[in-house]
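# Reading the structure
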Amino acid sequence: MKKNLILLCVLATLLFSCNKKKESNGATVKNDTLATEKKFSKADSIINKAIEAHGGKLYTTANYSFIFRGKEYRFKNNGASYIYSSEIQKGDSLIKDLLTPEKFERSINSKLQSLSKEDSAKYSEAINSVIYFATLPYKLQDASVNKKFIEEITIKGQQYDAIGVTFGQDGGGKDFDDEYHYWMNTTTHKMDYLAYNYRVNDGGVRFRVAFNTRVIDGITFQDYINYEAPLKTPLKDLPKLYEQGKLKEVSQILTENVVNNHK
């Protein structure tokens, strides 16, 4: 009887110890999860508010066309899927590009072209890049986007939330290792400034200032003044350099003749 009592006490002690360990492990996992959620939730919240301010759910079925540097572009969204297209007349040749999640096609005077893998990738990136910038910040909710809150900052007397963005290699495109910063107006929640660095063609640093902001059937479109900064300038420093007049204007990004094709 005494042996049985001792055995029961040992088993009870072991069981109590195991349960405490499980509770401890559970608390650790729970705390780690909360820490992760807390770490990313502020950036997610700021991005989501910006997307909502620029058009929100209207983006999921948006069907617009616009002119950029003499070429007509069109994006037609259908939930997670899309059809991007562009066309331009060059002499006697009408060049049309078509990009979907599954394929890229180029036709000249309605004749489908046979493209190398390199050319197909180059043309795909070109059309995707133009539409990406024209529809910002909509694409910042993609799964390939890694975002973090940088800081609160004042630019030209207005408060902004700065968000840093990088892209995962899977789904992030050819230039997935580029770095971006976006400054969201804390009053309007709209994206007034953006910056990025890139490594192709010897690399570069750019800072863009939005102007001519207009809302067309619920979706915001903006033009940008494009400034250049010296190589390796930290993106975080660009707003201060802009205010000090130390950035060089190199171009203007004009999204013209915007048309809602749903009408």
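Structure: above.
This report concerns the structure included in the present document. (Residues numbered from 1 in each chain as written. Predicted model: local features only at pLDDT ≥ 70, side-chain atom pairs only at ≥ 80, totals over all residues. Heavy atoms only, no water.)

### Examining the nonpolar core
One broad trend across soluble globular proteins is that nonpolar side chains are buried collectively. Ranked by internal contacts, the top residues of the largest apolar core, which has 42 residues, are Phe66 and Tyr182. A per-element tally of this core places helix H2 (residues 117–134) first, with six residues. Among all residues touching Tyr182, those that are not within four sequence positions of it are Tyr132, Leu136, Leu140, Asp161, Ala162, Ile163, Val165, Met191, Tyr193 and Leu194. Judged by nonpolar contacts, the second largest core, of 17 residues, contains Phe207, Val209, Tyr227 and Leu235. (Core = buried A, V, L, I, M, F, W, Y, C linked by side-chain atoms within 4.5 Å. Buried < 20%, exposed > 50% of the residue type's maximum accessible area, 1.4 Å probe, protein only. Helix = DSSP H or I, 4+ residues; strand = E, 2+ residues; numbered from the N terminus. Contact = heavy atoms within 4.5 Å.)

### Here we look at unusual backbone geometry
In this structure, the amide linkage connecting Leu136 to the following residue, Pro137, adopts the cis form with an omega of 5°. Tracing the backbone shows Pro137 in the loop between H2 and strand E7 (145–155). For Lys156, which is not glycine, the phi dihedral falls at a positive 55°. Checked against the element boundaries, Lys156 lands in the loop between E7 and strand E8 (158–167). Overall, Lys156 belongs to the exposed group, its relative accessible area being 52%. The phi dihedral of Lys232 falls on the positive side, at around 70°, and the residue is not glycine. Assignment of secondary structure puts Lys232 in the loop between strand E12 (219–229) and helix H3 (238–243).

### Side note on the pattern of salt bridges
Taken as a whole and assessed by the stated rule, the structure comprises nine salt bridges. One salt bridge connects Asp44 with Lys147, and the closest N-O pair in it is separated by 3.4 Å. One end of the pair, Asp44, is in helix H1 (residues 2–54); the other, Lys147, is in strand E7, and 103 residues separate them in sequence. Looking at Asp44, the relative accessible area reads 29%, which means it is partly exposed. Judged by its relative accessible area of 14%, Lys147 falls in the buried class. The salt bridge partner of Lys96 is Glu87, with a shortest N-O separation of 4.0 Å. (Salt bridge = Lys/Arg side-chain N within 4 Å of Asp/Glu carboxyl O.)

### So, the packing of aromatic side chains
Considering all chains together, one arrives at 22 aromatic pairs under this definition. Summarising the aromatic geometry, the rings of Tyr132 and Phe133 are spaced 5.3 Å apart at their centres and angled 80° between planes, so their arrangement reads as edge-to-face. Of the two residues, Tyr132 and Phe133, both sit in the buried class. Three or more aromatic residues joined by ring pairs form one cluster here, namely Tyr132, Phe133, Phe167, Tyr180, Tyr182, Tyr196 and Tyr198. (Phe/Tyr/Trp six-rings, centres within 6.5 Å; stacked < 30°, edge-to-face > 60°.)

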